[in-house]
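Analysis of the macromolecular model
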Amino acid sequence: MSEQPLRRLGVLGSGKGSNFVAIAEACARRELPAEIALVVSDVPDAAILERARERGVPARYIPPGRFRTKLDEEAEAAYVAAMREARVDLVVLAGFMRILKSEFLSAFPDRVVNIHPALLPSFPGLEAWKQALDYGVKVTGVTVHLVDAGVDTGPILAQAAVPVLDSDTPASLHERIQEVEHRLYPEAIRSLLAGGITFKGRRALRLG
Ligand code: GRF
């Protein structure tokens, strides 16, 4: 068992929240020395909010503002304020479908992580499992990375491979990728919080 203090995670998600559940369960089992301080969604009826509430985790819908793929200025400030009020050490994107701009990222420098359903830098963007299947690769996978101003371009923290089968449909491949996500994301966050991940020789995160 780790002797680190419990770190506070803020989770942003737009969808069903299966990665949130995997992380919450790893925290409950004490495999991850962290607690989820807050879940925020840009979708009022996203299942991730329900999954959080049924576990007693504070969960809020914060309106995203007038754009479709990013937060507007006012919304971004509200998201930053919510995460700051919850005193989060790390922001965890778990299926959050909007790009975060510099206002948010500079409030949490090198402290925003994301999970992507492919082996970056291959297949950034939407429906990466479908992109992989359409391209015809034999192996795809999962990437956990720090978030920077690009789309799926930040420093890579952890990756795991998933074979593509001849019989795969987009749905079957996505399902196997998600199983790997649920193992890799909590593990990568645990290593990151413990200071055990480097990127190009530099430690990826230093918490005080
Ligand atoms: C995951 O497949 C993740 O890779 C992508 O969004 C999906 C979120 O799924 N970024 P869930 O809401 O955690 O089930």
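Above this text you will find the structure in question.
Here we summarise the structure given alongside this text. Everything numeric in this text was worked out from a predicted model, so none of it was measured.

Let us look at the pairing of strand β1 (residues 7–12). Counted residue by residue, β1 has five buried out of six residues, so it is predominantly covered. Where β1 lies against strand β2 (residues 34–41), six bridges are found, and the strand directions are parallel. Each bridged residue has a counterpart across the sheet, and for L9 the counterpart in β2 is I36. With helix α1 (residues 18–28) bridging β1 and its parallel neighbour β2, the resulting β-α-β unit is right-handed. Pairing geometry for β1 and strand β4 (residues 90–93), over four bridges, is parallel. Directly across from L12, in β4, lies its bridge partner L93.

For the rest of this paragraph, the subject is the sheet that holds strand β3 (residues 59–61). In a beta sheet, neighbouring strands are held together by backbone hydrogen bonds and run either parallel or antiparallel to one another. With mixed pairing, seven strands are arranged side by side in an open sheet as β3-β2-β1-β4-β5-β6-β7. The sheet is open, and its two borders are formed by β3 and β7 (156–163), each paired with just one other strand. Strand after strand, the sheet turns through a mean of 20° between neighbouring axes, direction not considered. Packing of helix α2 (residues 47–54) onto the sheet brings it into contact with β1, β2 and β3, and relative to β3 it is tilted by some 155°. Across the sheet, helix α3 (residues 73–85) touches β1, β2, β3 and β4, and the angle it forms with β2 is around 160°.

Take the nonpolar core next. Grouped together as the largest cluster of nonpolar side chains are 45 residues, with contacts concentrated most on L9, F20, I36 and V39. Among the elements that line this core, the one with the most residues is helix α6 (residues 170–193), at nine residues. Sequence-distant contacts of I36, that is, excluding residues within four places in its chain, are made with L9, V11, F20, I23, A24, C27 and V57. In this structure, V40, M83, V91 and L93 belong to the second largest nonpolar core, which totals 23 residues.

A few words now on the site of the ligand. In the vicinity of the ligand, the residues found are K16, G17, S18, N19, G95, I115, H116, P117, H174, Q178 and E181. Between the ligand and G17 there is a distance of 2.8 Å, counted from an oxygen atom to a backbone nitrogen or oxygen. For the ligand, whose unbound accessible area comes to 370 Å², protein coverage reaches 88%. Among the elements that line the shell around the ligand, the one with the most residues is α6, at three residues. Here the residues of the shell around the ligand are counted per class, giving two nonpolar, seven polar and two charged.

Our focus in this paragraph is the packing of α1 against α6. The relative placement of two packed helices is expressed as an angle between their axes plus a distance between the axes. Relative orientation of the contacting elements α1 and α6 amounts to 45°, with a least axis distance of 9 Å. Considered as vectors, α1 and α6 are oriented oblique to each other. Where α1 crosses over α6, the two elements pack in a sense that is right-handed. Here S18, N19, A22, I23 and A26 of α1 lie close against α6, whose contacting residues are Q178, E181, H182, Y185, P186 and I189. Taken together, the residues that form the contact of α1 with α6 break down as six nonpolar, four polar and one charged.

The full count for this structure, using the stated rule, is eleven salt bridges. We note a salt bridge from E54 to R51, for which the minimum N-O separation is 2.8 Å. Pair noted here: E54 and R51 are both in helix α2, with a separation of three residues, about one helical turn. Given a relative accessible area of 49%, E54 falls into the partly exposed group. Linked through salt bridges whose partners overlap, the residues forming this network are E25, R51, E54 and R55.

Procedures and definitions
Residues numbered from 1 in each chain as written. Predicted model: local features only at pLDDT ≥ 70, side-chain atom pairs only at ≥ 80, totals over all residues. Heavy atoms only, no water. Buried < 20%, exposed > 50% of the residue type's maximum accessible area, 1.4 Å probe, protein only. Helix = DSSP H or I, 4+ residues; strand = E, 2+ residues; numbered from the N terminus. Pairing = 2+ DSSP bridges. Right-handed = clockwise from strand over helix to strand, strands pointing away. Axes fitted to C-alpha atoms, helices over the stretch in contact; angles between N-to-C directions. Contact = heavy atoms within 4.5 Å. Core = buried A, V, L, I, M, F, W, Y, C linked by side-chain atoms within 4.5 Å. Near = heavy atom within 4 Å. Polar contact = N/O pair within 3.5 Å; in protein donor to acceptor, adjacent residues only side chain to side chain. Areas by Shrake-Rupley, 256 points an atom, 1.4 Å probe, with all protein chains shown as cover. Nonpolar A, V, L, I, M, F, W, Y, C, P; charged D, E, K, R; others polar. Parallel < 35°, antiparallel > 145°, perpendicular 65-115°, else oblique. Left-handed = near helix turned anticlockwise from the far one by under 90°. Salt bridge = Lys/Arg side-chain N within 4 Å of Asp/Glu carboxyl O.

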